[in-house]
Amino acid sequence: MFMLLLPKPLDGFTTDAIVVPTGGAGRIDRGIALLRDHQAKRMLVTGVAPGVRPIDLALEYRTSPALFACCIDLGADAVDTRSNAEETAQWVRVHKYRSVRLVTSDWHVARARMELSAALDKNVVILGDGVPGTPRLGTLVNEYNKLILRRIALWIGYGG
């Protein structure tokens, strides 16, 4: 079921914020497009390599530096999905957002959303927005195993 029901891009919904974990093709492009379409007030790119500056990403993604200056934050503390969620939760609390659009690879949405849900306050709505990809079977099996193992860990109270 996991492999057959990968989330699609989510259209027609506005949220307070967009969060984009680094690591997959099309994620940042999708987030920028949504921000330009006024689908959120602000965006966090979490898991950015240390030393990467907003101007570096503005040039790479052919985006106005002004959009980065006003509306895009870079988080450089996260190194994996779990720490992406922790970094995002802190950012959401600082800004007092009540709804977040999680933009990530379609095969990654379920686990990333689960981690974010565990890190955030229960009154924050999280919408998953899957960026279509062409993952290999091994990637899907690995992601499914991570999802199940992490779900069990959270269920028994480990790392939540």
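In this text the structure is predicted, and so the values were computed from the model without any measurement. (Residues numbered from 1 in each chain as written. Predicted model: local features only at pLDDT ≥ 70, side-chain atom pairs only at ≥ 80, totals over all residues. Heavy atoms only, no water.)

Novice: Please provide a residue-by-residue account of the sheet that holds strand S3 (residues 72–75), values included.
Specialist: Strand order in this open sheet of five strands is S3-S2-S1-S4-S5, and the pairing throughout is parallel. Two strands bound the open sheet, and with one partner strand each, they are S3 and strand S5 (125–131). Between one strand axis and the next, the sheet turns by 20° as a mean value, whatever way the strands run. Pairing geometry for strand S2 (residues 42–46) and S3, over four bridges, is parallel. Each bridged residue has a counterpart across the sheet, and for Val 45 the counterpart in S3 is Leu 74. Its contacts with the sheet place helix H1 (residues 27–36) against strand S1 (17–21), S2, S3, strand S4 (99–105) and S5, and it is angled at close to 145° to S4. Along the sheet, helix H5 (residues 109–119) makes contact with S1, S4 and S5, crossing S4 at roughly 145°. (Pairing = 2+ DSSP bridges. Helix = DSSP H or I, 4+ residues; strand = E, 2+ residues; numbered from the N terminus. Axes fitted to C-alpha atoms, helices over the stretch in contact; angles between N-to-C directions. Contact = heavy atoms within 4.5 Å.)

Novice: Can you lay out the pairing of S4 for me, pointing to particular residues and giving the numbers?
Specialist: Along S4, seven of the seven residues are buried, which leaves the element largely enclosed by surrounding structure. Looking at chain direction, S1 and S4 are connected through three bridges and run parallel. Bridged to Ile 18 within S4 is Arg 101. As paired elements, S4 and S5 share seven bridges and run parallel to each other. In the sheet register, Thr 104 faces S5, and the bridge partner there is Gly 130. (Buried < 20%, exposed > 50% of the residue type's maximum accessible area, 1.4 Å probe, protein only.)

Novice: Lay out the nonpolar core with the relevant residues and their values.
Specialist: Core analysis: the biggest nonpolar cluster contains 18 residues, and Ile 18, Ile 32, Leu 35, Met 43 and Ile 72 have the highest contact counts within it. With four residues, the top contributor of residues to this core is H1. Leaving out residues up to four positions away in the same chain, Met 43 has contacts with Ile 18, Val 20, Gly 31, Ile 32, Leu 35, Cys 71, Ile 72, Asp 73 and Trp 91. Within the second largest apolar cluster, 15 residues are counted, among which are Val 19, Ala 89, Tyr 97 and Leu 120. (Core = buried A, V, L, I, M, F, W, Y, C linked by side-chain atoms within 4.5 Å.)

Novice: Tell me about the UniProt feature "domain: DUF218" (unreviewed entry) in the protein, and name the residues and values.
Specialist: Here the UniProt feature "domain: DUF218" (unreviewed entry) sits at residues 16–119. What you have in residues 16–119 is 48% helix and 20% strand, and the ends, taken at the C-alpha atoms, are 18 Å apart. (UniProt positions renumbered as here; feature names shortened; annotations may be inferred.)

Novice: Hey, could you go over the side chain of Arg 27 for me, with residue numbers and the actual values?
Specialist: For Arg 27, the position within the fold is in helix H1. One buried charge, Arg 27, has no salt-bridge partner; the nearest side chain with opposite charge is Glu 143, at 7.7 Å. Here the side chain of Arg 27 touches Ser 105 through a polar contact of 3.0 Å, side chain to side chain. Among all residues touching Arg 27, those that are not within four sequence positions of it are Val 20, Pro 21, Thr 22, Val 103, Thr 104, Ser 105, Trp 107, His 108 and Val 131. (Lys, Arg positive; Asp, Glu negative; His and termini not counted. Salt bridge = Lys/Arg side-chain N within 4 Å of Asp/Glu carboxyl O. Polar contact = N/O pair within 3.5 Å; in protein donor to acceptor, adjacent residues only side chain to side chain.)

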